[in-house]
Amino acid sequence: MIHGHEVLDVPGAGPALLFLHEGLGSVGLWKGFPERLAAATGRRVVAYSRLGHGFSELPPGPRTPSFMHEEATTVVPMLIAELGLGEPVLVGHSDGGSIALLAAAALPVSGLVVLAPHVLVEPFALETIRSARAAFEAGDLARRMARHHRDAESTFRNWNDVWLDPAFASWDLRPELPGITCPILGIQGTEDPYGSDVHVQAVRDLARGPVDLLFPRCGHVPHLERPALVESTITGFLEAL
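Residues numbered from 1 in each chain as written. Predicted model: local features only at pLDDT ≥ 70, side-chain atom pairs only at ≥ 80, totals over all residues. Heavy atoms only, no water.

J.: Got a sec to walk through the overall build of the protein chain? Specific residues and values, please.
T.: Scanning the protein chain from N- to C-terminus turns up nine helices and seven strands. Radius of gyration (C-alpha) of the protein chain: 16 Å, near the 18 Å computed for a compact globule of 241 residues. Taken over the C-alpha atoms alone, the protein chain extends approximately 45 × 35 × 30 Å along its principal axes. Taking contacts inside the protein chain between residues at least 6 apart in sequence as the whole, the part at least 24 apart equals 75%. As displayed, the protein chain offers around 9700 Å² of accessible surface, 55% of which is attributable to carbon and sulfur atoms. In the protein chain, which carries 18 positive and 28 negative side-chain charges, the distance between the mean positions of the two groups comes to 4 Å. (Helix = DSSP H or I, 4+ residues; strand = E, 2+ residues; numbered from the N terminus. Rg over C-alpha atoms; globule rule 2.2 N^0.38 Å. Contact = heavy atoms within 4.5 Å. Areas by Shrake-Rupley, 256 points an atom, 1.4 Å probe, with all protein chains shown as cover. Lys, Arg positive; Asp, Glu negative; His and termini not counted. Charge placed at Lys NZ, Arg CZ, Asp CG, Glu CD.)

Here's what the structure looks like:
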């Protein structure tokens with residue numbers, strides 16, 4: 001644990017990979033993806049659970065629509081300094097991809113891999129998030145989440161309530177993207193119920209570093225739905241850095 005955060009740290013050489021998980025994710029819910037990339041690349045790999053996720057401590061209070069900005073500018077640099085990561089490659093999925101974009105705009109990093117990131121709010125994605133609320137309150141999502149999180153209720157509410165907060169409708173990272181100058185790999189599933197290709201296209205058009213894009217035929221979790229393709233693409237991207 002580092003400042004209350006559950007941390008996975010796999011030794012290796014070269015610029016480290018720092019993994020930032022999705023809205024309901026954790027270290028464990030990467031399901032071995034960080035370890036597989038460590039084995040494939042020989043790099044040091046670090047993944048952490050945000051407060052209120054996995055077996056990290058609970059956050060001090062409910063999250064607000066600014067929580068991704070706060071994570072990117074406080075927790076990410078703290079962990080980089082505490083763990084001696086220097087200028088890592090950030091690997092972020094979904095909300096973690098958004099946090100990685102914000103961190104890369106503010107911090108010196110070697111590269112950036114974003115899987116299904118969000119840069120704005122799409123109405124159809126909010127419908128999927130409303131459906132997740134129904135599954136949590138009346139289905140078995142709460143029971144399934146309890147196997148992976150210290151407090152499933154806190155984990156769910158701190159994601160779902162923020163996204164469905166009316167104040168979040170105007171959330172937009174596009175003004176931040178020109179601050180990114182490192183090489184970027186963006187991966188967006190073509191059948192993702194939480195987002196279209198508008199997000200990675202915005203990264204391609206607005207970031208000032210070189211951008212490669214991959215559009216696998218899959219949903220919201222490319223690294224688990226198309227693992228061989230995603231892992232080989234990321235490995236190639238890292239070799240070219």
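J.: Kindly report on the packing of helix α1 (residues 33–41) against helix α9 (residues 227–240), identifying the contributing residues and their values.
T.: Across the interface, α1 lies against α9 with an axial gap of 10 Å and an inter-helix angle of 50°. Taken together, the axis directions place α1 and α9 in an arrangement best described as oblique. Like other packed secondary-structure pairs, α1 and α9 cross with a definite hand, here right-handed. Between α1 and α9, the residues in contact are F33, R36, L37, A40 and T41 and V230, E231, I234, T235 and L238, respectively. Split into classes, the residues belonging to the contact of α1 with α9 amount to six nonpolar, two polar and two charged. (Axes fitted to C-alpha atoms, helices over the stretch in contact; angles between N-to-C directions. Parallel < 35°, antiparallel > 145°, perpendicular 65-115°, else oblique. Left-handed = near helix turned anticlockwise from the far one by under 90°. Nonpolar A, V, L, I, M, F, W, Y, C, P; charged D, E, K, R; others polar.)

J.: So what's going on with the sheet that holds strand β3 (residues 45–48)? Residues and values would help.
T.: Spatial ordering of the open sheet is given by β1-β3-β2-β4-β5-β6-β7, a layout of seven strands whose pairing is mixed. One side of each edge strand has no neighbouring strand; the edge strands of this open sheet are β1 (7–10) and β7 (211–214). On average, each strand axis in the sheet is tilted by 15° relative to the strand beside it, whichever way the strands run. Looking at chain direction, strand β4 (residues 89–93) and strand β5 (residues 111–115) are connected through five bridges and run parallel. Along β5, the bridge assignment pairs V89 with G111. (Pairing = 2+ DSSP bridges.)

J.: I'd like a rundown of the environment of R150, residues and numbers included.
T.: Summarising the element assignment, R150 is placed in the loop between α5 (141–146) and α6 (152–163). Linking R150 and F55, residues 95 residues apart in sequence, is a C-alpha distance of 5.2 Å. When sequence neighbours within four positions are dropped, the list of residues in contact with R150 reads M1, G54, F55, S56, E57 and L58. One polar contact links the side chain of R150 to the main-chain carbonyl oxygen of S56, over a distance of 2.9 Å. (Polar contact = N/O pair within 3.5 Å; in protein donor to acceptor, adjacent residues only side chain to side chain.)

J.: Account for the packing of aromatic side chains, naming residues and giving values.
T.: Throughout the structure, instances matching the rule amount to nine aromatic pairs. Ring geometry for F168 versus W171: centroids 5.0 Å apart, planes at 25°, classification stacked. One exposure class covers both F168 and W171, and it is buried. Among the aromatic residues, ring-to-ring pairing joins F136, F156, W159 and Y194 into one connected group. (Phe/Tyr/Trp six-rings, centres within 6.5 Å; stacked < 30°, edge-to-face > 60°. Buried < 20%, exposed > 50% of the residue type's maximum accessible area, 1.4 Å probe, protein only.)

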